[in-house]
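Each chain is listed here by its residues.
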Amino acid sequence: MDANRRGRAAPAWLIRLAVVTVLVGVGGGVAGLLVSMSLTAIEHVAYGYSQGSFLDGVLGADPWRRVAALAVAGLVGGAGWWALRRFGRAVVSVEASVAGGRMPGLPTLLNAALQIVVVGLGASIGREVAPRELGALVAGWLSDRAHISARERRILVACGAGAGLAAVYNVPLSGAIFTIEVLLAEISFAVAVPALITAAVATIVARLVVPDAPLYSLPPMQLSETLFVWSLLAGPLMGLAAMGFVWLVRGAARLRPRTWLIVCIMPVVFAGVGLLAIPFPAVLGNGKALGEVAFAGAASIGLLAVLAVTKVVATTATIGAGAAGGTLTPSLAVGAALGGALGGLWSLWWPGSPIAGFAFVAAAAFLASSMRAPFTALVLLIEFTGQGPALLVPAMLAIAGSIAVSRLVSRSPLVARRNLPAP
């Protein structure tokens, strides 16, 4: 049989699966596109700017406008999540949907919309969950309409979530690896092909509005002896720090209000974060502002350390107040700020590498342990910054040290006796 006949003999289910896979990518791209457009519009209205980055807008706004924006975010988020959790169907997470659960349409859309509004107004929480949920919702709907198998549906729902992540941040390879490493934990032909296709298609669709440029600007980097040695020492420290951050976030999530009290607590907590942002405006938003400060290398060692701590406090408080959202970019920002501070101290003894290099390596190590995804973390930093091979070796060493320490500590008898969750 020649190639043409083999092509015509392809079973109908394979053609249907291919079409659904492409449509899942389109759906993820539209989700990322809409999230990006909505966030930009809300940020510009909230802080009264039309050009530049979110940090530029926050710095140019009156300091008390930061408090007002966060207070409004608390009022909208508190009332919205109380009503959603009180009267709506329970929101099904992406992970639960990958495991076979069905995501309810309207509650999922409302949950994503609330995340977009509060993040756009400056809440200290990641924006990546909303496009992931929307991408997974579209993938689940398409899979059910196409009547594909349970395994194929599971793969495509995960691909939809990864496509949403790829689209909103313009990180196609990271979106595919996130699907494979985090959501499915499986490396196979059946997983890799749709993960790559959906992430690529979603990124192309989202580029109608999402800039085709690295999220962070770093100076040209070269591998240096001082950065190489520092990465060996910093990796384990970042692993411990990331574990502490994960435990704080999970503890705050367990304490979040689950009744009408959220309507009272969230505005107060959010306004408190706004007050914190008067002296430290970089703590606002999903973490991009703090990442820009850390990678720029212009802030002092002390300021970077303080910003790392305040970002942890702001993010933990935001989640503890009852907000839904992610911790990907907050984790990256905290790691970058810690790396900049520790790298600055190290450079006083052994100079030879810009602060941005230390921030890059530490951010990768911190994110790897907080996500429990070393490959996703490394590729995310590469795509976020546009950095090439120069920082790969120190970043890989730091990630290995971070993951090793976090795994060892999480399995220790002390952690087991206290029933602490493993990061």
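Computed from a prediction, not measured in an experiment: that's the story for all the values here.

A.B. asks: So what exactly am I meant to see when it comes to the packing of aromatic side chains here?
C.D. replies: By convention here, two paired aromatic rings are described through the distance between centres and the angle between planes. According to the stated counting rule, one finds ten aromatic pairs in the structure shown. For the ring pair Tyr47 and Phe54, a centre distance of 5.6 Å and an interplane angle of 90° mean the geometry is edge-to-face. Judged by its relative accessible area of 2%, Tyr47 falls in the buried class. Relative to Trp349, the ring of Trp346 has its centre 5.0 Å away and its plane inclined at 75°; by these criteria the two rings are edge-to-face. Within this pair, Trp346 and its partner Trp349 are both found in helix α15 (residues 328-349), separated by three residues, close to a single helical turn.

A.B. asks: Would you mind going over the nonpolar core with me for this structure?
C.D. replies: Where a protein is soluble and globular, its nonpolar side chains tend to be buried together. Core analysis: the biggest nonpolar cluster contains 115 residues, and Tyr47, Trp81, Phe270, Phe295 and Phe384 have the highest contact counts within it. Aside from chain neighbours lying at most four places away, what touches Phe295 is Tyr216, Ser217, Leu218, Leu332, Ala336, Ala356, Ala359, Phe360, Ala363, Leu381 and Thr385. Counting eight residues, the second-largest nonpolar core is a separate cluster that includes Leu17, Val24, Ala139 and Ile148.

A.B. asks: Quick question: what am I supposed to make of the pattern of salt bridges here?
C.D. replies: Where charged atoms from two side chains of opposite charge come close, those side chains can pair. Inspection of the entire model under this criterion finds six salt bridges. Of the charged contacts in the structure, one is a salt bridge between Arg153 and Asp144, with a shortest N-O distance of 2.9 Å. Between Arg151 and Glu186 there is a salt bridge, and its shortest N-O distance comes to 2.8 Å. With Arg151 in helix α8 (residues 150-169) and Glu186 in the loop between α9 (172-184) and α10 (189-206), this residue pair connects regions lying 35 residues apart in the sequence. With relative accessibility at 39%, the residue Arg151 sits in the partly exposed group. On the accessibility criterion, Glu186 (21% relative accessible area) is partly exposed. A single salt-bridge network, built from bridges that share partners, covers Arg102, Asp144 and Arg153.

A.B. asks: Explain the environment of Ala296 to me, please; I cannot follow it from the model alone.
C.D. replies: As for its placement among the helices and strands, Ala296 is situated in helix α13 (residues 288-296). Note on Ala296: relative accessible area 55%, which makes it exposed. Each C-alpha atom, one on Ala296 and one on Leu218, is 6.8 Å from the other, the two residues being 78 residues apart in sequence.

A.B. asks: Explain the confidence of the model for the protein here, please?
C.D. replies: The predicted structure's coordinates, where accompanied by low pLDDT, should not be read in detail. Mean pLDDT for the protein: 92, with 95% of residues reaching 70 or above. Contacts from residues 1-9, a stretch scored under 50 in pLDDT, to residues over four places away or in other chains number one contact. Overall, residues 417-423 carries pLDDT values under 50, and its contacts beyond four positions in sequence, including any with other chains, amount to 16 contacts.

A.B. asks: Looking at this structure, how should I read unusual backbone geometry?
C.D. replies: For residues that are not glycine, phi is negative in most cases, and the peptide bond is trans in most cases. We note that Asn170 has phi near 60°; this positive angle belongs to a residue other than glycine. The class of Asn170 is buried, set by a relative accessible area of 9%.

A.B. asks: What is the right way to look at a positive patch on the surface in this model?
C.D. replies: Where like charges cluster on the molecular surface, the positive patch consists of Arg250, Arg254, Arg372, Arg407 and Arg411. Looking at where Arg254 falls in the secondary structure, it is placed in helix α11 (residues 225-255). What makes Arg254 exposed here is its relative accessible area of 54%.

Thresholds applied
- Residues numbered from 1 in each chain as written.
- Predicted model: local features only at pLDDT ≥ 70, side-chain atom pairs only at ≥ 80, totals over all residues.
- Heavy atoms only, no water.
- Phe/Tyr/Trp six-rings, centres within 6.5 Å; stacked < 30°, edge-to-face > 60°.
- Buried < 20%, exposed > 50% of the residue type's maximum accessible area, 1.4 Å probe, protein only.
- Helix = DSSP H or I, 4+ residues; strand = E, 2+ residues; numbered from the N terminus.
- Core = buried A, V, L, I, M, F, W, Y, C linked by side-chain atoms within 4.5 Å.
- Contact = heavy atoms within 4.5 Å.
- Salt bridge = Lys/Arg side-chain N within 4 Å of Asp/Glu carboxyl O.
- pLDDT = per-residue confidence, 0-100.
- Patch = residues over 30% accessible without salt bridge, like charges linked within 9 Å, V, L, I, M, F, W, Y side chains within 5 Å.
- Areas by Shrake-Rupley, 256 points an atom, 1.4 Å probe, with all protein chains shown as cover.
- Lys, Arg positive; Asp, Glu negative; His and termini not counted.
- Charge placed at Lys NZ, Arg CZ, Asp CG, Glu CD.

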